[in-house]
Every structure is written in C-alpha cells, then in structure tokens.
Amino acid sequence: MGIQGWQWLIIIALVLLLFGAPKLPALARSMGQSLRIFKSEVRHMKDEGDDKNTAESAAEEPVEGKVIDPKDEDPQSRGNA
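Residues numbered from 1 in each chain as written. Predicted model: local features only at pLDDT ≥ 70, side-chain atom pairs only at ≥ 80, totals over all residues. Heavy atoms only, no water.

Caption draft 1: Geometry of the overall build of the protein. Of the regular secondary structure elements, the protein holds 3 helices and 0 strands. Mapped from its N terminus to its C terminus, the protein presents α and β elements in the order α-α-α. Across the 81 residues of the protein, 1% fall into the buried class. Carbon and sulfur atoms provide 62% of the accessible area of the protein, an area that totals close to 8,000 Å². (Helix = DSSP H or I, 4+ residues; strand = E, 2+ residues; numbered from the N terminus. Buried < 20%, exposed > 50% of the residue type's maximum accessible area, 1.4 Å probe, protein only. Areas by Shrake-Rupley, 256 points an atom, 1.4 Å probe, with all protein chains shown as cover.)

Below, the structure is given as structure tokens:
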C-alpha cells in the first residue's frame, strides 16, 4: 500500500501550513547546500583513504638509519635534547 495522490495533497498542505510558503525556498536551498557539503566530505574521506593506502605501502619499504648504542649515551643529555 503506497501513498496515493490525495494523501500527497494532504502532506503538501500540512507542509505549507507548518513552514509557510515564504520559508519553503530557503528550506530547499539549505537542504541542497547540506547535501553538497555532505558529498564533498564523503569524497574527501575517500581521497584520504587512498592516500593512507599509498602511505602504508611506502612504509613497508626498508628505511636506512643509524643504530645508536644506548650504553654509549649519557642519561643527562636525554633531558636536554
């Protein structure tokens, strides 16, 4: 059982009574802007996910570095660095 034509008319009449005719264009504009912002944020999150995948693959590559013997290090110099 779907909504029939006369039921749609009642719903539209109630919306007009609740919000008023002058407020409906502003309401539709704000809904459209909200949807645009939501879509751009979802797209941005997907792009960040792709960036993380490439960063993880780069992290798997070996890293060159210098090994420091902790015995050679002065304990007092740690607080100054």
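Caption draft 2: How the structure looks around the confidence of the model for the protein. Across the protein, the average pLDDT comes to 78, with 72% of residues at 70 or higher. The secondary structure element of the protein with the lowest average pLDDT is helix H3 (residues 75–80), at 56, and the one with the highest is helix H1 (residues 5–19), at 87. (pLDDT = per-residue confidence, 0-100.)

Caption draft 3: The arrangement of a nonpolar patch on the surface in detail. Among the surface-exposed residues, Ile-3, Trp-8, Ile-11, Ile-12, Val-15, Leu-16, Leu-18, Phe-19, Leu-27 and Met-31 lie close enough to one another that they form a single nonpolar patch of about 940 Å² accessible area. Elements with a minimum of two residues in the nonpolar patch: H1 and helix H2 (23–59). Tallying contributions element by element places H1 first for the nonpolar patch, with 7 residues. Of the residues examined, Ile-11 reaches a relative accessible area of 35% and is grouped as partly exposed. (Patch = residues over 30% accessible without salt bridge, like charges linked within 9 Å, V, L, I, M, F, W, Y side chains within 5 Å. Salt bridge = Lys/Arg side-chain N within 4 Å of Asp/Glu carboxyl O.)

Caption draft 4: Spotlight on H1. Look at H1: 21 Å from first C-alpha to last across 15 residues, which is about the 21 Å you get at 1.5 Å a residue. Once H1 ends, the next one or two residues include Gly-20, with phi positive near 80°. (Expected span 1.5 Å × (residues − 1).)

Caption draft 5: Focus on a negative patch on the surface. Taken together, Glu-41, Asp-47, Glu-48, Asp-50 and Asp-51 make up a surface patch of like negative charges. The residue Glu-41 is located in helix H2 in this model. (Lys, Arg positive; Asp, Glu negative; His and termini not counted. Charge placed at Lys NZ, Arg CZ, Asp CG, Glu CD.)

Caption draft 6: Broad picture of the environment of Ser-34. Note that Ser-34 resides in helix H2. Engagement of the side chain of Ser-34 in a polar contact is seen with the backbone oxygen of Ser-30, the distance being 2.9 Å. (Polar contact = N/O pair within 3.5 Å; in protein donor to acceptor, adjacent residues only side chain to side chain.)

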